[in-house]
Amino acid sequence: MNAFDLSRLRPRLPSPLEPVEDERFARRGLTLLLKREDLIHPDLPGNKWRKLALNLGAAAGRPVLTFGGAYSNHLRATAAAGRLLGFPTVGIVRGDELAGRPLNPSLARCAADGMRLEFVDRATYRAKNDPATLAKFLERAPAGAYVVPEGGSNVLAVQGCVELGRELLGAADTVAVACGTGGTLAGLAAGLSPGQRAWGVPVLRGGFLGAEVRALQEAAFGGPRGDWTLDERFHGGGYARVSPDLEAFARDFEARHGLAIERLYVAKMLYGLTTLAEEGAFPAGTRLAAVVTGAPDGSQSAASSR
């Protein structure tokens, strides 16, 4: 069996779509559904599976070099894939000051899974796509390394996320998803049918994500696909930041529904979706699907104070 054959990991596809009884939605005539991408695979959950699958097929068992921050779910999933399928992984981590500190639980998991972590200063990290900078990373990587961009978002990742939209055909009117680099939203929207809408919640500040999604769709499909929009109000101060209000919301949602909520992405999306419902943004009868892109890990308590 080839190392890049992910089917031997037995992913749970299509991922479950579960109705949720929540009075904040029900009293406005809205149906809330959770698209449980977190249940696809215990080590490669959610959109990380969909974004990595085609990339790992292209890598064909070669070493994989990729990028992420200190709390990157993408780094964790890539490291796990390397352990499970037997190929080397290298993670370029933003923040050279982290090199002299104990690893947080997320990076410790990467290291335990065999990923070689290389910490770089922020200026170098910003230049990671510059050919000269990338060439230096590759010089230090195992021979023949295949490069996957930050967050896994490239043409293959977008194409892999199209299936997420197809799994929701006819099941929801609006599909909400948290966005880091935009690849999941770009593919999701392309997979939905006319009349369905994808609603993205950026977890980073800056207002740059719309251009990124458009560029990804141009590269993957030759032009725009699907009806999608972004709501920039719910990043909570930026990536890896969890405000007291967001933490209170997440704890309340967990208590209501018995589901552990990942804070850096999923909680922000659910908070935004609940806020819009309470603002009357959706007409009665609307079916809302919330994409649960991952489960919490031990690093989030540390991140919540950042």
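Residues numbered from 1 in each chain as written. Predicted model: local features only at pLDDT ≥ 70, side-chain atom pairs only at ≥ 80, totals over all residues. Heavy atoms only, no water.

Q: Can you explain the packing of helix H3 (residues 73–85) against helix H4 (residues 105–112)? Please cite residues and give values.
A: Remark: H3 packs on H4, axes separated minimally by 8 Å, with the N-to-C direction vectors making an angle of 20 degrees. The orientation of H3 with respect to H4, classified from their angle, is roughly parallel. In the packing of H3 onto H4, the handedness of the crossing is left-handed. Every residue of H4 that contacts H3 at Leu75, Arg76 and Ala79 is listed here: Ser106, Leu107, Arg109 and Cys110. Among the residues making up the contact of H3 with H4, the classes are represented as four nonpolar, one polar and two charged. (Axes fitted to C-alpha atoms, helices over the stretch in contact; angles between N-to-C directions. Helix = DSSP H or I, 4+ residues; strand = E, 2+ residues; numbered from the N terminus. Parallel < 35°, antiparallel > 145°, perpendicular 65-115°, else oblique. Left-handed = near helix turned anticlockwise from the far one by under 90°. Contact = heavy atoms within 4.5 Å. Nonpolar A, V, L, I, M, F, W, Y, C, P; charged D, E, K, R; others polar.)

Q: If you had to explain the environment of valine 203 to someone new, which residues and values would you point to?
A: Within the secondary structure, valine 203 sits in the loop between strand E8 (197–202) and helix H9 (209–221). Residues valine 203 and phenylalanine 234, spaced 31 residues apart in sequence, show a C-alpha to C-alpha distance of 7.1 Å. Valine 203 has contacts with Ala178, Cys179, Gly180, His235, Gly238, Tyr239, Leu264, Tyr265 and Lys268, leaving out every residue within four places of it along the chain.

Q: Give a detailed account of empty space enclosed by the protein, specifying residues and quantitative values.
A: A full pass over the atoms with the stated rule returns one cavity of 30 Å³ or more. By volume, the largest cavity is sized at about 40 Å³. Surrounding the largest cavity, Cys179, Gly180, Pro202, Leu204, Arg205, Gly206, Gly207, Phe208, Leu209 and Glu232 form its lining. Residues that form the lining of the largest cavity fall into these classes: five nonpolar, three polar and two charged. (1 Å grid on protein atoms, 1.4 Å probe; cavity = no way out; pocket = protein on both sides within 12 Å on 5 of 7 lines; lining within 4 Å. Points joined across faces, edges and corners; volume = space filled by probe spheres on them.)

Q: Lay out the packing of helix H7 (residues 155–167) against helix H8 (residues 183–191) in plain terms, naming residues and giving numbers.
A: At their nearest, the axes of H7 and H8 sit 6 Å apart, and the two run at 50 degrees to each other. Here H7 lies oblique to H8, going by the angle between them. Crossing of H7 over H8 shows right-handed handedness. Within the contact between the two elements, H7 uses Val158, Cys161, Val162, Leu164, Gly165 and Arg166 and H8 uses Gly183, Thr184, Ala186, Gly187, Leu188, Ala190 and Gly191. For the contact of H7 with H8, the class distribution of residues is seven nonpolar, five polar and one charged.

Q: Mind laying out unusual backbone geometry, listing which residues take part and the relevant values?
A: Note that the residue after leucine 13, namely proline 14, is joined by a cis bond; omega there is -5 degrees. The residue proline 14 is located in the segment before strand E1 (17–20) in this model. We note that arginine 10 has phi near 55 degrees; this positive angle belongs to a residue other than glycine. By secondary structure assignment, the location of arginine 10 is in the segment before E1. Residue classification places arginine 10 among the exposed positions, given a relative accessible area of 73%. Of note, the phi angle at alanine 60 is positive, near 55 degrees, even though the residue is not glycine. Along the chain, alanine 60 falls in the loop between helix H2 (46–59) and strand E3 (64–68). Accessibility expressed as a relative area gives 43% for alanine 60, which makes it partly exposed. (Buried < 20%, exposed > 50% of the residue type's maximum accessible area, 1.4 Å probe, protein only.)

Q: Which residues make up the environment of valine 20, and what are the values?
A: Mapped onto the elements of the fold, valine 20 is located in strand E1. Under the relative-accessibility criterion, valine 20 is labelled buried at 13%. Excluding residues that lie within four positions of it along the chain, valine 20 makes contacts with Leu32, Leu34 and His257.

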